[in-house]
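The residues making up each chain are set out below.
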Amino acid sequence: MEWSNQLSQAVQGGNAPDVKAFVQEAIDRGEDINAILDAMLAGMTVVGQKFKKNEIFVPEVLIAARALNGGLDMVKPLLMESGVKPKGKAVIGTVEGDLHDIGKNLVKMMLVGAGLDIIDLGVDVPPERFVDEALAHDVDVVCVSALLTTTMDKMRDVVSTFEARGVRDRVKIMVGGAPVNASFAEKIGADYYAPDAASAAEIVTALFAKT
Ligand code: B1M
């Protein structure tokens, strides 16, 4: 089997030791860093598609993401040396008052898999902090998660805080989480709604393909 397929399948199977071994072998052979990255991301794309179709579940996704992260850690310094830039940058966080982070972490992992540089603000993030960090890191996308009907309105505050500070046009805002839907996203003025982590990755991939 081709080395890139082996690497992709090791990511899909969440086999962290194999991912590391295949990445090391590829680096030692002098394979192109982008090809190594693409092979791993192809594996994670398959994982995202299977997750979307309910063929695999949260634990498998987390295990695959952990294996992917191990490989990415090995490739990241080489990418920096070779001057290859991530496709874009995003901040992600769960809104103020909300401590749920499993879904947010999955979205983060899929976005890393889609080639984004992610700044994770964690949970219970006040609207002002989304703006402060987005500006400090000069991000393209702001990703906001909420899991409670009592906290989803905080997403509106995130959007309005960007507006109040005169920087709404600098970022795209994507929202998601169990109580959120497309019509809510539209009502609060968000740019995108993603129902799940794989869709979030598809949205940013399409966004950066255009730019
Ligand atoms: Co909470 N909780 N919880 N809880 N909890 C829910 C959400 C609830 C539906 C359970 C229920 O009653 N049936 C309910 C909310 C009801 C409502 O608002 N309508 C609820 C409640 C009430 C509460 C507390 C208030 C309970 C209490 O104390 N009385 C409390 C609130 C604490 C707080 O946040 N202030 C609370 C606490 C907790 C725990 C701490 C125990 C724990 C969280 C642990 C953690 O996250 N580290 C927890 C959990 C685990 C849940 C359930 C069981 C599972 C949530 C989860 O992780 N799902 C949940 C019930 C349920 O959903 N079945 C529940 C798996 C995860 C992969 O899915 O997060 O939906 P999800 O993410 C998906 C999509 O939504 C989407 O992609 C993800 C992957 O595909 N997505 C995005 C998410 N964010 C996105 C962002 C995007 C795009 C897509 O773009 C930016």
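Residues numbered from 1 in each chain as written. Predicted model: local features only at pLDDT ≥ 70, side-chain atom pairs only at ≥ 80, totals over all residues. Heavy atoms only, no water.

A word on the nonpolar core
Within the largest apolar cluster, 46 residues are counted, with the highest numbers of intra-cluster contacts made by Leu7, Val19, Ile36, Met40, Met44 and Leu111. Per element, the largest residue contribution to this core is 9 residues, and it comes from helix H3 (residues 33–52). Lining this core are residues from two domains, each supplying at least three of them: domain 1 (3–82) and domain 2 (89–210). Beyond its immediate stretch of four places on either side in the chain, Leu111 contacts Leu116, Ile118, Cys143, Ala200, Ala201 and Val204. Core analysis: the second largest hydrophobic core is formed by 26 residues, Val144, Met155, Phe162 and Val175 among them. (Core = buried A, V, L, I, M, F, W, Y, C linked by side-chain atoms within 4.5 Å. Buried < 20%, exposed > 50% of the residue type's maximum accessible area, 1.4 Å probe, protein only. Helix = DSSP H or I, 4+ residues; strand = E, 2+ residues; numbered from the N terminus. Domains from an automatic or database assignment. Contact = heavy atoms within 4.5 Å.)

A word on the sheet that holds strand E2 (residues 116–120)
Reading across the sheet, the 5 strands line up as E2-E1-E3-E4-E5 and stay open at both edges, with parallel pairing between neighbours. Of all the strands in the sheet, just E2 and strand E5 (192–193) have a single pairing partner and so form its edges. Taken together, the 5 bridges between strand E1 (residues 88–94) and E2 define a ladder with parallel strand orientation. For Gly88, the partnering residue across the bridge sits in E2 and is Leu116. Packed onto the sheet, helix H5 (residues 102–113) meets E1, E2 and strand E3 (141–145) and runs at close to 155 degrees relative to E2. Packing against the sheet, helix H6 (residues 127–136) makes contact with E1 and E3, and its axis sits at approximately 160 degrees to E1. (Pairing = 2+ DSSP bridges. Axes fitted to C-alpha atoms, helices over the stretch in contact; angles between N-to-C directions.)

Digging into the environment of Lys53
By the secondary structure assignment, Lys53 is in the loop between H3 and helix H4 (58–82). Expressed as a C-alpha distance, the spacing of Lys53 and Gly93, which sit 40 residues apart in the sequence, is 25 Å.

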